[in-house]
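The chain contents come next:
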Amino acid sequence: MEREEFYFLSSDKHTKVHGYSWRPDGKVIAALQLSHGMMEHVGRYERFASWMAERGVAVIGHDHLGHGKTGRQEDLSFFAEKKGAVYLVQDLFLVTRIIKKQYPGVPHIMLGHSMGSFLARRYLTVHGEHLDGLILMGTGGQPLWMACAGKLAALFVGKVKGKRHQSYLMEELVLGSYNHSFRPNRTTNDWLSADEKQVDKFLSDPFCNIPFSCQAYVDFFNILIDLGLGRQFCLMPRSLPILFTSGNQDPVGGFGKGVAKVYKQFEALGMKNISIKLYPGARHELLNERNWEEVYDDLWRWMEEKVILG
């Protein structure tokens, strides 16, 4: 397996976006595009990417705007002055184009985790025809009213403190309740994984756990509002294989209930090839859970059955 760094110009026309490509030593039988979560970066997926590369799957992903090595240090947690939600989704499409050019003719699958899963769901409504499979990991079914209320709160704090203000108030409003179910808490991020070593790695990573700016919250809530309104759902390819997967102890997915809600929504929309898998005892970061080998095996079997051989 060979790992390469790459860069491209963001759809915002000025930010240099950073990414990694993990290429198998032998024949490439599929390409897997990563859309990572909030307050993390694509470099954290090294173990997973290496495992997939051993099976002939090329894994490619980039650091979203405001994350990892993309942009300037002072822009961490900030997407854009305006249209940040649009740029996030369009940057995913730019990476899709890079992958299609590099690996023509092989199945193209996207894996979106957490915030990245919400971006992937929005991507599905505008560029879904470019995918051969989609894995939605750690997603949720947040009500429309909650997204609207969150956006109003972020706009208000941003008006007072500035768009780039890293708001601990907003972080507490959006993420604060997630840890409550795991009291007594060892850290502020026990909800991420039952594997304490993985939680500690997240907390010690200089590119992780950086509070979002007010404007980044506005942009993220705009994505949730688009999904809540069902914007362009009519364009979602109905026959696309889609896997919903989460831990049943993941608060982002409402401990499984929110994931099941979105699954049923897709079912009602006439999506014909969808599956759901919930892991007992697992929390938010399935790829970094105690049962990570089981998760990897299940993802591989789904990809092989539904996309590569299907």
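What you are looking at is a predicted structure, and each value in this text was computed from that prediction instead of being measured.

*Asks:* Pulling in residues and values, what's your account of the sheet that holds strand β2 (residues 16-23)?
*Replies:* Pairing between sheet strands relies on hydrogen bonds along the backbone, with the strands arranged either parallel or antiparallel. Spatially, the 8 strands line up as an open sheet ordered β1-β2-β4-β3-β5-β6-β7-β8, and their pairing is mixed. The open sheet is flanked by β1 (2-9) and β8 (274-279), the only strands paired with a single partner. Between one strand axis and the next, the sheet turns by 20° as a mean value, whatever way the strands run. Relative to strand β5 (residues 108-113), strand β3 (residues 30-35) runs parallel, the two being bridged by 5 bridges. Looking across to β5, one finds that Ala31 is bridged to His108. The strands that helix α2 (residues 84-102) touches are β1, β2, β3, β4 (57-62) and β5; relative to β3, the one it contacts most, it runs at about 160°. The strands touched by helix α8 (residues 257-268) are β7 (242-247) and β8; relative to β8, the strand with the most contacts, the crossing angle is about 170°.

*Asks:* Go over unusual backbone geometry, please, and point to the residues and values.
*Replies:* Looking along the chain, the bond that leaves Arg183 and enters Pro184 is cis, with omega of -5°. Following the sequence through the fold, Pro184 ends up in the loop between α5 (168-175) and α6 (196-204). The phi torsion at Lys13 lies on the positive side, around 75°, for a residue other than glycine. With respect to the helices and strands, the residue Lys13 is situated in the loop between β1 and β2. Take Lys13: its relative accessible area is 66%, and that puts it in the exposed class. One non-glycine residue, Ser114, lies in the positive phi region at around 55°. Positionally, Ser114 belongs in the loop between β5 and α3 (115-127). Residue classification places Ser114 among the buried residues on the basis of a relative accessible area of 11%.

*Asks:* Help me get a handle on the pattern of salt bridges, residues and values and all.
*Replies:* The tally for this structure, following the rule as stated, stands at 15 salt bridges. With its nearest N and O atoms 2.7 Å apart, the salt bridge here joins Asp75 to Arg164. Taken as a pair, Asp75 in the loop between β4 and α2 and Arg164 in the loop between α4 (144-161) and α5 lie far apart in primary sequence, 89 residues in all. Take Asp75: its relative accessible area is 13%, and that puts it in the buried class. For Arg164, a relative accessible area of 41% translates into the label partly exposed. Across the pair Glu196 and Arg186 runs a salt bridge whose closest N-O atoms are separated by 3.7 Å. Note that Glu196 is positioned in helix α6 and Arg186 in the loop between α5 and α6, a separation of 10 residues in sequence.

Cut-off values and rules
Residues numbered from 1 in each chain as written. Predicted model: local features only at pLDDT ≥ 70, side-chain atom pairs only at ≥ 80, totals over all residues. Heavy atoms only, no water. Pairing = 2+ DSSP bridges. Helix = DSSP H or I, 4+ residues; strand = E, 2+ residues; numbered from the N terminus. Axes fitted to C-alpha atoms, helices over the stretch in contact; angles between N-to-C directions. Contact = heavy atoms within 4.5 Å. Buried < 20%, exposed > 50% of the residue type's maximum accessible area, 1.4 Å probe, protein only. Salt bridge = Lys/Arg side-chain N within 4 Å of Asp/Glu carboxyl O.

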